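# Architecture at a glance
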Amino acid sequence: MRILTLGIAAFGVLLWLAHGNPSAADGAMFANGLLPPVPVPADNPMDAAKVELGKQLYFDTRLSKDSTTSCATCHSPDHGWADPKPVSEGVGRQKGGRNAPTVLNSAYMPLQFWDGRAATLEEQALGPIQNPVEMAMTMVEALDRIKAIPGYVEAFRRIFGTEPTEEGVAKAIAAFERTVISTDSPYDRYVRGNRSAMSPSAVRGMNLFNGKAHCTPCHSGPNFSDGDFHNLGVGYAAGRYADKGRFDVTKNPADLGKFKTPGLRSIALTAPYLHDGSERTLADVIEFYDRGGNPNPNLDPLMLPLHLTAQEKADLVAFLEALTGEPVKITPPTLPPAAGGK
Amino acid sequence: MRTNAMRSVSRLGLGAAALCVAAALMQPASAVPVFARKYGFNCTMCHSAFPRLNDFGLRYRRNGYRIPGRENLEKLVYETPTPLAMRTSVGYNSETFSNTPETTNVAEFQLNGLDMLSAGLLGRNIGYFMVYTPQIAAGRGVAGQDGALEAANVVLSSPRSTWFYARLGRFEPAYVPFSVKRSLTVASYEIYDFAFPGGPPFADTRTGVEITGWGDPGIRYAAGLIDGSDTNSASDSPADMYLRLEKVIGAGEGQTAGHRIGLTGYRGLARPESGASPRKSFTRVGADASMNVGIWNLGVQYLHGEDNRELWGTAENVKFDGGFAELLCHPRTDLVAFARYDWVDTPSSVRMGVNRWTVGGRYYLEDSVAVHLEYSHRTQSPIQTGLGHATERLFTARVDFAL
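Bringing helix α4 (residues 121-130) of chain A into the picture now. All names here are of chain A. The element α4 is extensively covered by neighbouring structure, given that seven of its 10 residues are classed as buried. Taken residue by residue, α4 has L121, E122, Q124, A125, L126, P128 and I129 as its buried positions. Considering only its buried residues, α4 is in contact with α5 (139-147) and α7 (166-177).

This is the structure we're talking about:
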C-alpha cells in the first residue's frame, strides 16, 4: 500500500512535468513552432541600402544574356516567390530539370538548392546568373553590364566602397533575400495562443502532421525542414533515377535520389510541388505520401503507406494551408537606367 | 489483516488517483510519454492506437530506440527531458465465473495496476528500455499486481548494418509477434499464456540475449538464447533458444501497412514441477500473419506445442495446438474496434482446451487517453470431473492512460 501511495505521488509529479505541449525550447528535438530572427552571417550585416541594391539586382533582367530573365522570373513574388511552371524556363525558353523552390525563408536553410550544393545564399546567388539554362552569362559579362549602369556603380561604391564585384553582387542579393520571410501565419497565431486562428480541421491536420502521418521527423523545426536530404523516390522509374540529387554533390551511393527537405511555410502559394514539379496540388502531394512515396532501393525508412482517410487527407491540406504567412510587403524596385538614360 | 489505517490510506490513494485522472483529462494535450516528449511528437507518431505500435514505431523499436535514418541527430538520455512515463487505467471491471469453485466473482470500480517506464539512449548506439511494476496489494477497488522489473534491457545497434542488433537483459522476445504488452485487449492471448504446470507463459518477458536484423527484400530475423522457466531458473539457465523469420510483403512492416508472415521455432528445457528428474524438453513451432487492407488489420497466429510427458505428469507427451484470429478496424485516428477468437486444443489427458471470444473498442479522448470497452467470453474444458465447462465472462469499461 505504501508503494501504491508512493507510486501515485510520483505519478502526480509526472503529470505536472508533462503538462502542456513540448516545444523546441523544452529540448524536444523535432518540434515546429515560431521562427527565430533571421540568421545573418557576420561578414554580411544587414543594411537598408544593401537590401535595396539587392532588390534591384534581383528584379533586373539585364543580368541575363538576352535581358529577358531575372531572379524574379523564376522566383516571382506573384507566385509565392517560386515558379508556377513544373520546371523553370530561362533564357531562350530553355528548361532546367528542376522546379524552382521558393526564395521565401531560404535564409533559414543551412544549405541551398535541392541537392545542397551551395552552402550560403551568398554562394547561391552567383549560380543562376552563370547557369546556361537560367541567365546564361559569365560573371565577367554580368559585371561589365552592371559597371555600365551608373546607378549601380554609385551604389556599390557607397555600400561596399568598391566598384561592382562578384562578392558585392552576391552579398547584396543575399541581404535582400533575408528580408523575404514568410511569417505570421494562422499557425503562428495559433501557437502564440489564439486557439481560433486555425480551423478545427487544420488543428486535426497539425496533429496528424506530427503523428499518424509522420511528417515532422523530416519537416521539423520552425521552418518545417530538417535541412537534410531524403529519398522519397520522386522521379524514380524503370530502375533509374531521373535526377541523382544529393549524390551529384557527394558521390556517396547512400545519397542517390535524395533531395533537400523543403520548408513548408506558405507552401500553398508555390504549386507545383516536389523537385521535378510532378505533383500539381497539395492534395496530390498528400496522396503521394499516403502511398508511402515511390518504392526504390534507397527509399527513406520513414516513408510508409499511411492509410489516411479522406477526412484526414483534407485535414492535412487544411493544416498546410494554415502555414501561409502574411504576404511579404515588397514593391518591385525602380531600376537604375543604363548610361545615356535608356 | 487490513487495519482501518490501511483502509483509509487506500481510500486516500484512490482519491488521489481519481484527481490525477481528472487532471489528465483536463489537460489540453495531456500526456507526452518518454519518447514523444523527447522528440516533440504526438503518440500517434509511433502508435496506431496506443499501446499498439504502428510500422513507424516498430521500426523505431527495432532500430534500438533511434529514428531510422536520423541516428546522427539523436540525443542521449542525459540531454533530454525527464525520461519517465507511467501507464495505468481505472474503471469498472466485472468478471463472472462458473464451474470454477476456487474463484470469486468481481464487480467493482478498480485501479488496474501501474507501469512505470523509462527509456532512451545511453550512447549513440545503445538504447535502453525499462518497465517497473510496483507491487500493489489486491484490495477493494485495487487490482493487485506483483512488484517486478518487467523489462530492463539494452539494445546495441551496429553502426554499419541493419543486419545486426543485440538486445540484452529482460525483454519481450521477438517470437511473440503480437505483443502482449502492447495489446489492445484486456483479455489475454490464450495460446501465449498456455504452459505446463510451473512453466513460463510463452509470451512473458524473458531474460537473455536476442540478436535481430533486417534488410532487403523484406526479410527480418531474430534468434535468442534465454533463461529457462522462472520455476527452476537457478539450475536451468540458459536453456531455451529460438529462431524467428519474417517476410514483409509490400511497403510497410505488416503492422499498419503491407503484409507480414512469420515462422517461429522454440526449444526449451525445464525441470518438471515435482523437482528431481533431469531436464525435459518442450518445443513450439508457430506461423503467423498480419494483413492490412484499408482500415482493416487481420492478425492470425497458429502455434503447435509438444511437451515432454514428465512436465505434465502424463503417460504420453502432450501435443497441443492453438492460436487466434484478431480483426482490428481503425476508421479514424481516435477510434479502434477489435474482435478476436482464441482457441487452444489439448489432448484429453490434459483437458485444458479453451475457446474465447473478445469484442470491444477504444475511443481516444486524447492521444494517450483512451476510453476502453471490452467484453470477453471464455470457456475451458471442465476442470474437475462432475463439473460443466468452466466459463468466465469479462466486462470492463475503463479509462486507459499514459503520461
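Bringing the domain arrangement of chain A into the picture now. Residues and elements named next belong to chain A. When cut into domains, chain A gives domain 1 (2-35 + 183-321) and domain 2 (48-177). The C-alpha-based centres of domain 1 and domain 2 are spaced at 30 Å. Each partner contributes residues to the interface: domain 1 has 25 residues there, and domain 2 has 24 residues. Both sides of the domain 1 and domain 2 interface together cover about 1,800 Å² of buried area, and 59% of this is carbon and sulfur. Summed over the three residues of domain 1 that lose the most area to domain 2, namely K260, P272 and H275, the buried surface amounts to 27% of that side. Along the contact surface separating domain 1 from domain 2 lie one salt bridge. Across the pair D243 and R98 runs a salt bridge, and its minimum N-O distance is 2.7 Å. Viewed at the interface, domain 2 and domain 1 are joined by seven residue pairs in polar contact (both at pLDDT 80 or more).

Turning our attention to the pattern of salt bridges. Residues and elements named next belong to chain B. All told, the structure shown has 41 salt bridges over all chains when counted by the stated rule. Salt-bridge contacts for D288 lead to R244; the nearest nitrogen and oxygen are separated by 2.8 Å. Pair noted here: D288 is in strand β13 (residues 280-293) and R244 is in strand β11 (residues 240-249), with a separation of 44 residues, a long-range link. Side by side, D288 and R244 carry an identical accessibility label, which is buried.

Attention shifts here to the nonpolar core. Core analysis: the largest hydrophobic core is formed by 31 residues, its most contacted members being M198, F209, F319 and L320 of chain A. Of all the elements in the fold, those that place two or more residues in this core are α8 (186-191), α9 (200-209), α11 (282-290) and α12 (310-321) of chain A. With 25 residues, the next largest nonpolar core counts F178, I191, F194 and F282 of chain B among its residues.

Calculation notes
- Residues numbered from 1 in each chain as written.
- Chains lettered and ligands numbered in written order.
- Predicted model: local features only at pLDDT ≥ 70, side-chain atom pairs only at ≥ 80, totals over all residues.
- Heavy atoms only, no water.
- Buried < 20%, exposed > 50% of the residue type's maximum accessible area, 1.4 Å probe, protein only.
- Helix = DSSP H or I, 4+ residues; strand = E, 2+ residues; numbered from the N terminus.
- Contact = heavy atoms within 4.5 Å.
- Domains from an automatic or database assignment.
- Buried area = accessible area lost by both parts, 1.4 Å probe.
- Salt bridge = Lys/Arg side-chain N within 4 Å of Asp/Glu carboxyl O.
- Polar contact = N/O pair within 3.5 Å; in protein donor to acceptor, adjacent residues only side chain to side chain.
- Core = buried A, V, L, I, M, F, W, Y, C linked by side-chain atoms within 4.5 Å.

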